[in-house]
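The residues making up each chain are set out below.
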Amino acid sequence: MLFFSIIIQAQSKKWTLEECVKYAIQNNISIKQAELDSKTAVIDKKGALGNFLPSLNGNASHSWNIGLNQDITTGLLQNKTTQFTSAGANIGIDIYKGLQNQNTLRKANLSIVAAKYQLQKMQEDVALNVANAFLQILFNKENLKVQQEQLGINQKQYSRSEELVNAGSIPRGDLLDIKATVASNNQNVIAAENALLISKLSLAQLLQLKEFENFDIIDDTNVKDENNILAQTPAEIYDKAKDNKIELKIAKTNLEIAEKNVAIAKGAFQPTLQGFYSFSSRVAYSDRVLGVQPNTSNPTSIVGYVQGTNQNVLQNNFSPVLGNALPFWDQFSNNKGQSFGAQLSVPIFNGFSARNNVERSKVSLEKSKLVLEQQDLDLQRNVFTAFTDVKGALNAHESSIVALESRQEAYNYAKEKYAVGLMNSFDFNQSQTLLTNAQSEVLRTKYDYIFKIKILEFYFGIPIIKN
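Residues numbered from 1 in each chain as written. Predicted model: local features only at pLDDT ≥ 70, side-chain atom pairs only at ≥ 80, totals over all residues. Heavy atoms only, no water.

A. The arrangement of the side chain of His 397 in detail. For His 397, the location among the structural elements is in helix 9 (residues 353-419). On the accessibility criterion, His 397 (8% relative accessible area) is buried. A distance of 3.4 Å separates a polar atom in the side chain of His 397 from the backbone nitrogen of Lys 446. (Helix = DSSP H or I, 4+ residues; strand = E, 2+ residues; numbered from the N terminus. Buried < 20%, exposed > 50% of the residue type's maximum accessible area, 1.4 Å probe, protein only. Polar contact = N/O pair within 3.5 Å; in protein donor to acceptor, adjacent residues only side chain to side chain.)

Written as structure tokens, this is what we have:
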């Protein structure tokens, strides 16, 4: 029973705007992609740091030479198998590279900042979309209530008209008009129900909810300027937005990245200095394994011996003797070698590639400047437009309330006239339609004002939800 009660409670849960925004930020696919971009920027920084570290590479090889080969003992050509093993290691480090490594690291740090700004922008965009979808549900809910109330009124009016027709107070034609109005109201209710269902589905999908059949939100229809944003002037809101708006921060950071790209490209004109160190050794052996020792009787000759044979060979001051081959590690130690030094590379001509990269980077820099300038102009226009839209939405809402009050009084008067037969059904239905339209207009202007005030607050640096 406890298990099923938990399921029922979860299915009947009603979401607040704050819960919807937080859930969307945690689960939205676009936000997850932006988070992955931030991780990629961090990885790129690790790569930039790695440019300052030495490079270390090892190598090893083993080969078989089968057939006619030079005997490593006698120097004569013989059909035999000879094996060679070699191994080595190389270390290199950039001493100077035209400050490219330093500028690449600075660019990587700026890319991390830009990725964070981009993630924040994505979160803000999702928050605005969620707020808009949330308010759309509230509008559709109240609109459905209006249509249902109107349907109930007309159904009662139809019953009342039947009595008047039976009493002979109104003609039967009026009853048919009322019946048609009830049918039209039924269609309006069905359309309002569908609109509400679709708006719930849209918000559920925006939240990445898998179970959305019973998804619903908490009704909150208060219309008020809680932060008194209209007390600010458009210029004051614009000045505050310049410090807070993410689009400007992204454009400024991209401009700094473009400047670093120019510096990196210019670094290709400068000389590069690299230090290096190399260690290597080798071992050679065959089916005749060589060992060498000096011939004491002839300092210029070498005494060699071949394992596994009794034949004596003398070639080029070699004195053949019998003995055991040199061990593998002894050969490796005797043949080892080292080298180290520094390499200076001075660019002289490279097919204009370095020059073209610099010019290309400068073009990108100019484009980034224009983007920043355009973002500033767009922000100024958007702030002043948003301020004007809020004032217009507020005036429209206040006017719609006055119009609704007038339509309600006109409907009440028409209802009294119709009840005593002083008004026909057509004029009465017109009065009802005008009342319904006035009620819908109040709802529309109310939620239009709420959303636009949220946008203006957003420009002023007030978040959709408080962290």
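So, next bit.
B. Structural detail: a nonpolar patch on the surface. Together, Leu 344, Val 346, Ile 348, Phe 349 and Phe 352 make up an exposed nonpolar region whose accessible area comes to about 630 Å². We classify Phe 352 as partly exposed; its relative accessible area is 49%. (Patch = residues over 30% accessible without salt bridge, like charges linked within 9 Å, V, L, I, M, F, W, Y side chains within 5 Å. Areas by Shrake-Rupley, 256 points an atom, 1.4 Å probe, with all protein chains shown as cover. Salt bridge = Lys/Arg side-chain N within 4 Å of Asp/Glu carboxyl O.)

C. Spotlight on the pattern of salt bridges. What the rule picks out here adds up to 10 salt bridges. One salt bridge in this structure joins Lys 22 and Glu 18, with 3.0 Å as the shortest N-O distance. Placement of both Lys 22 and Glu 18 in helix 2 (residues 17-27) is noted, with a separation of 4 residues, approximately one turn of the helix. Across the pair Asp 448 and Lys 452 runs a salt bridge whose closest N-O atoms are separated by 3.2 Å.

D. Just the packing of helix 4 (residues 100-167) against helix 9, in detail. Closest axis-to-axis distance for the helix 4/helix 9 pair is 12 Å, and the angle between their directions is 20 degrees. The orientation of helix 4 relative to helix 9 falls into the category roughly parallel. Here the hand of the crossing between helix 4 and helix 9 comes out left-handed. In this structure, helix 4 contributes Ile 153, Gln 157, Ser 161 and Leu 164 to the contact, and helix 9 contributes Tyr 411, Lys 415, Tyr 418 and Ala 419. Here the residues of the contact of helix 4 with helix 9 sort into 5 nonpolar, 2 polar and 1 charged. (Axes fitted to C-alpha atoms, helices over the stretch in contact; angles between N-to-C directions. Parallel < 35°, antiparallel > 145°, perpendicular 65-115°, else oblique. Left-handed = near helix turned anticlockwise from the far one by under 90°. Contact = heavy atoms within 4.5 Å. Nonpolar A, V, L, I, M, F, W, Y, C, P; charged D, E, K, R; others polar.)

E. Geometry of the packing of aromatic side chains. Per the counting criterion, the structure on display carries 6 aromatic pairs. Ring geometry for Trp 15 versus Tyr 23: centroids 5.2 Å apart, planes at 85 degrees, classification edge-to-face. The exposure class assigned to Trp 15 is buried, which follows from its relative accessible area of 13%. Connected via pairs of aromatic rings, a cluster forms that spans Trp 15, Tyr 23 and Phe 215. (Phe/Tyr/Trp six-rings, centres within 6.5 Å; stacked < 30°, edge-to-face > 60°.)

F. Representation of the side chain of Asn 154. Residue position: Asn 154 is located in helix 4. You can call Asn 154 buried: its relative accessible area is 2%. With sequence-adjacent residues up to four places away left out, Asn 154 is seen in contact with Ile 178, Thr 181, Val 182, Asn 185 and Gln 432.

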